[in-house]
Amino acid sequence: MNNKQKNQTLDFDYKGCAKEVLFEKLQTSASGLSEAEAQKRLDEYGFNESAKKQKRAIVFQFILKFFHPLVLLLVVIAGVTFWTGDPVSGSIIGLMAIMSVVLGFFQEYRADKEAERLSEMVRATATVYRNGKSKEIPIRQIVPGDIVDLFAGDMIPADLRIIQAKDLFVNQAALTGESMPVEKTATVDCTAFMGSSVVSGTALGVVLRTGLATEFGAISKRLASINQPTSFDRGINQFVWLMIRAMVVLVVAICSINYFTKGNFMEALLFSLAVAIGLTPEMLPMLVTINLSKGAIAMSKKEVIVKRLNSIQNFGAMDVLCTDKTGTLTLDKIVLERYCDIVRKEDEGVLKLAYINSFYQTGLKNILDKAVLKYEKLVVKQYKKIDEMPFDFSRRLMSVVVDMEGRHKIISKGAPEEILKRCTKYELDGEIEELDQIVLTDLKEEYDSLSADGFRVLAIAYKDMGANKDVYSKDDEQDLVLKGYIAFLDPPKPTARKTIEVLRKLGIELKVLTGDNDLVTKKICSEVGLDIKGLLTGDQLEKMTDDQLKESVKTTTVFARLSPMQKERVIRALHRNNHTVGYLGDGINDAPALKAADVGISVNNAVDIAKESADIILLQKNLMVLRDGVLEGRRVFGNIFKYIKMGASSNFGNMFSMTGASFFLPFLPMYPIQIILNNFLYDASQVAIPSDDVDEEYLLKSRSWNVNYIKRFMMYFGPLSSVFDYLTFGVLIFIFHAQQDLFATGWFLESMCTQTLVIHIIRTGKIPFIESWPSPFLIFTSIYIVSIALVLPYTPLGSYFKFIMPPASFFLFLVLIVGVYLWSVQAMKAWFIKKYGYE
C-alpha cells in the first residue's frame, strides 16, 4: 500500500466543530470505529506512516552504487580507455567497478533485510477503541475517525482533536522547537500533532489526519531525503577527496612529463589514466559497506537492532557512555519493601492511602504503582473516585480525590521534597501537628536515611476537603498533611558490575544521568562498583553557565534529579569536550538525550518516543551486549582503517615511483594494461580484510577518525616503498640491462609482492608482526594473488599483458628486495608507533 497514492484525510473543514458535529462528519463515535470500518478506511487512506527514506527498487539501488565518486571515476576512465581503442584495459577497469559495487550492494542488502526482520519486533503501538473496546494496535494501522487513548509516555500517533483531557501536557519540540511542554485542553480548536509526545496527563482524541497528510508527515517528507553525515561519513569523504586531489596533481604531472620527454600524447594519456586507477582506492566503498554490514549482522545475532548502519562505528568510537539508572543499572523490577510513618515505624494507614492512590490513578503507567498494588490486595472500591491530578515531571507527584464517607479526600503520592513543599502538618500516632522548620529538618533526615539504604522513597500525604466540589486541580495540592513514606527496592542487575568493569577496561567512562534522588543513586552506584568522582544535582546544574558545565562534567560521574532537557545539556557539554558520547535510556525523559548523543541506545520495552529516538535497540536487557557492540564497532573501524592505510601508503608510493621513472627512462616504466592488472589483483587480495582479526590490544581503546594520521602515514610509508622501487629499477637497469618489456615485468612482480605482503605488517600494531596472525582468508588471498603474479609471465596469457619471462637470477634479487623492504617497514612501523601511536 503506497501512502503517496492515498489522501489520508477526510475532506471537510473540521475547525471550530463541536465534538458531536466532528463525530458526525468523521462518521465515528465515542466508542470508536468497528473493525470492518477501520479496515475499509485503512484500504482507502493507507498506512499511518510518516515519510521515510524512499525505498527504491532493488535495480535502482544497485545503479545508485555506481554514483560513488571513486566508482564513478573508474567508470569514466573505463569509458575513455574503450574510446582510445583498448577494450581489454577498459574491461578490467569496468570489472573492478562492478566487483566493488556488487559485493558492497549484496552485503548492505543482506544487513538491511536482517534489520527489517528484527524491527518488526519493536513496532510502536497505540491504544484505540474498536467495536467499543480498548485495543492496542500498531500505530501504522490507525485511520481517520479512530478514538485514541493517550497516557504519559505515549507518542501522539496522528493529528487528532482532543475531545477529553485531564492535565494533559504535550512536548511539541519535534515540530516547534519549544523545549517546554504545552498544555492541551478539550476545546473545539485544540489539536495534538503527530510526532509530539505526552509528558503528563491523560486524554482521548479523535484522529483527523494520518500519514503524510499530518503536519509531521509534511515535514518528514521534506526531510526524508536529507542524510545528516556522521563523523565517520565526514572522515571517509575527507580521505576520498584527499586521494582525488593528490591523484589529479600527480596524473597531470606524469602525463606532462611523459609527453614532453617521449613525444607521444596518446601513450602519455593512457599511461596517466592507468596511474589514476593505481592511485584510486576504488574498493573503499565496498569494504566500508561490507565491514559495517558484517557488524550489523553479527549484532543482530545477539538480538541487537542497528537502525542506522554507521552508528556501529560510533559505538566503537564512544569513550563516554551516559546511562539512566532505573532499568539500565537496575533490574527495573520494583518491589515494595516498607510502608512507615514519619519516624519509620510500620503503618497500615500509609499502605492504605498509597493503595487507594495507585488503584485509582490512570496517568503515567508507573512501575511503582504496580508494586504497591501487587504487594497486598486491599478492598477500596467503597471509596468512589471523584477526580485525579496526574503525574508530571515538573511536580513529580500525583493525586487522586476520593469520596470517603461523604467527604472528599485528596491523597497525594510523590517525591518527598515535592510533597513536603505542599505540607503544613504531619500525622503521628493519630495526632496531627503543625509542621515547622525544626520538624521539617528532622523529617528530611528520616527519608534521607531510607534513601541512603538504597530505597526509592515516596511520601504519602492527604487533605480532607472542607467543602466538596466536582473538579479539582493542581492548585488544590496545598496545605497537605504528611502521613508517611513507602520505600521501594530496585536491585542492581547481576550483569551491571561486570559490565561497568568491562567498559572501564575498554576505555569508556560511565556517567549516570538520572531523575532519581542523589542518595538512592549513590547507593546503587556503589553497589555496582561505579567510582563516584563527583555528584551534581539538577538544581546545581540549572545555575551553571554552559562554560561552567563544560568544566564540571570532566570531574562528575553522577548527575541526579535531572530534567529531560538537563540530560541533553550534559550530553552537549561532553561534546564540547570532544568526547564521542553514547546514551542508554528507555524512558520519556531520555528521548532528548538519546537524540543528542552520537549513538542512542534503547531497549525493546522502552516507551515509544525512546525507541524512535535511538540508533540501536537492544532486544534483551543484558548489559553485556553493550560490550559486544563496542568491540564490534572497533573491529569494523580497525579493518576499514587497515585498507585506508594500505591504499594510501602503497598507492602514494607507486605514484612517486611513476613520477621519478618518467623523468629518467626513455620508455614507460610499466604498460598501462599492466598497471591496471596490478591494481586489479591487489584489490582482489584486499577483499579478505573484512574477515581479518583485530588485535585485542587495539580493541581496548576508542578511536575516532584522524585524517592527519593518514597524511603522516602516507608521507612516511609511501616514500619508503618508492626507495625499494628505485632499488628494483637499479637492479633491472644496471645488472640485467633491461629494456622496456623486462623492466615492466620485473617492476610489476616487485610491486605485486611488496604491496600485497606488506598488509601483514601494517595490519597489526604488534612488534614483531608474527605475534598477530591474520585470518585464514587473508592469508589465502595474499598467497593466491602473489602466486598468480609470479606465474603469469610464464603462461600464454602473460604475452597478452606484454610480460616476458625474467631470468631465474632475477628472483634472487626479488626475494632479497622484498625481504629487506618488509624488514624496513617493520622498523619504520616501530618508530612511527612510538612517535604517533597506532590507529
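Now for a description of the structure that goes with this document.

Conventions used here
The written sequence of each chain sets the order in which its residues are numbered from 1. Per-residue local features are limited, in this predicted model, to residues with pLDDT of at least 70; the limit for side-chain atom pairs, both in listing and counting, is 80 or more; totals at the level of whole chains, interfaces and linings are taken over all residues. Hydrogens and water molecules were not included; the side-chain quantities draw on all heavy atoms of the structure. In DSSP terms, a helix is any run of H or I states spanning at least four residues, a strand is any run of E spanning at least two, and both are numbered starting from the N terminus. Multiplying 1.5 Å by the helix residue count minus one yields the expected span of that helix. Accessibility here uses a 1.4 Å probe with only protein chains present; expressed as a share of the type maximum, an area under 20% marks a residue as buried, one over 50% as exposed, and anything in between as partly exposed. As used here, the arc belongs to the directions running from the helix axis to the C-beta atoms. We call two residues in contact when some of their heavy atoms are within 4.5 Å. Throughout this description, the term salt bridge denotes a Lys or Arg side-chain nitrogen within 4 Å of a carboxyl oxygen of Asp or Glu. As a rule, the C-alpha atoms of each element are fitted with a line to give its axis, helices using only the stretch in contact, and angles between N-to-C directions run from 0 to 180 degrees. Our angle categories are set so that under 35 degrees counts as roughly parallel, over 145 as roughly antiparallel, 65 to 115 as roughly perpendicular, and the remainder as oblique. We call a crossing left-handed when the near helix sits turned anticlockwise from the far one by less than a right angle, and right-handed when that turn is clockwise. Gly is placed with the polar residues, together with every amino acid not listed as nonpolar (Ala, Val, Leu, Ile, Met, Phe, Trp, Tyr, Cys and Pro) or charged (Asp, Glu, Lys and Arg). Strand pairing is assigned whenever DSSP identifies at least 2 bridges connecting the two strands.

1. Some details on helix 26 (residues 740–757)
When the terminal C-alpha atoms of helix 26 are compared, their 26 Å separation across 18 residues agrees well with the 26 Å that a helix rising 1.5 Å per residue should span. Counting buried positions over the 18 residues of helix 26 gives 16, a clear majority of the element.

2. Here's the deal with helix 13 (residues 367–375)
Those residues of helix 13 that fall on the buried side of the exposure criterion are Leu 368, Asp 369, Ala 371 and Val 372. Taken around the axis of helix 13, the buried residues stretch over an arc of 160°, which confines them to a single face. Those residues of helix 13 that are exposed and aimed more than 90 degrees away from the buried face are Lys 370 and Lys 374. Summarising the contacts, the buried residues of helix 13 are in contact with strand 10 (335–340), helix 12 (348–360), strand 12 (397–404), strand 13 (407–414), strand 16 (456–464) and strand 17 (480–489).

3. Things to note about the pattern of salt bridges
Going through the model one piece at a time under the given rule, you end up with 32 salt bridges. Across the salt bridge formed by Arg 422 and Glu 418, the nearest N and O atoms sit 3.3 Å from each other. Residue Glu 418 is classed as buried on the basis of its relative accessible area, which comes to 8%. Note that Arg 627 and Asp 628 form a salt bridge whose closest N and O atoms lie 3.2 Å from each other. Salt bridges sharing partners connect three or more residues here, namely Arg 396, Glu 417, Glu 418, Lys 421, Arg 422 and Arg 561.

4. Description of the packing of helix 10 (residues 284–300) against helix 23 (residues 624–664)
Put simply, helix 10 and helix 23 touch, their axes get as near as 10 Å, and they point 165° apart. Compared by their axis directions, helix 10 and helix 23 come out roughly antiparallel. Considering how the two elements wind past one another, helix 10 and helix 23 form a crossing that is right-handed. Facing Leu 284, Leu 287, Val 288, Asn 291, Leu 292, Gly 295, Ala 298 and Met 299 of helix 10, the residues of helix 23 in contact are Gly 629, Glu 632, Val 636, Asn 639, Ile 640, Tyr 643 and Ile 644. In terms of residue class, the contact of helix 10 with helix 23 is built from ten nonpolar, four polar and one charged.

5. Looking at the pairing of strand 12
In terms of residue burial, strand 12 counts as a mostly covered element, since seven of its eight residues are buried. As paired elements, strand 12 and strand 13 share eight bridges and run antiparallel to each other. Opposite Val 402, over in strand 13, you have Lys 409 as the bridge partner. Counting the residues between successive antiparallel strands, the hairpin from strand 12 to strand 13 contains two residues, one of them, Glu 405, with a positive phi of roughly 60°.

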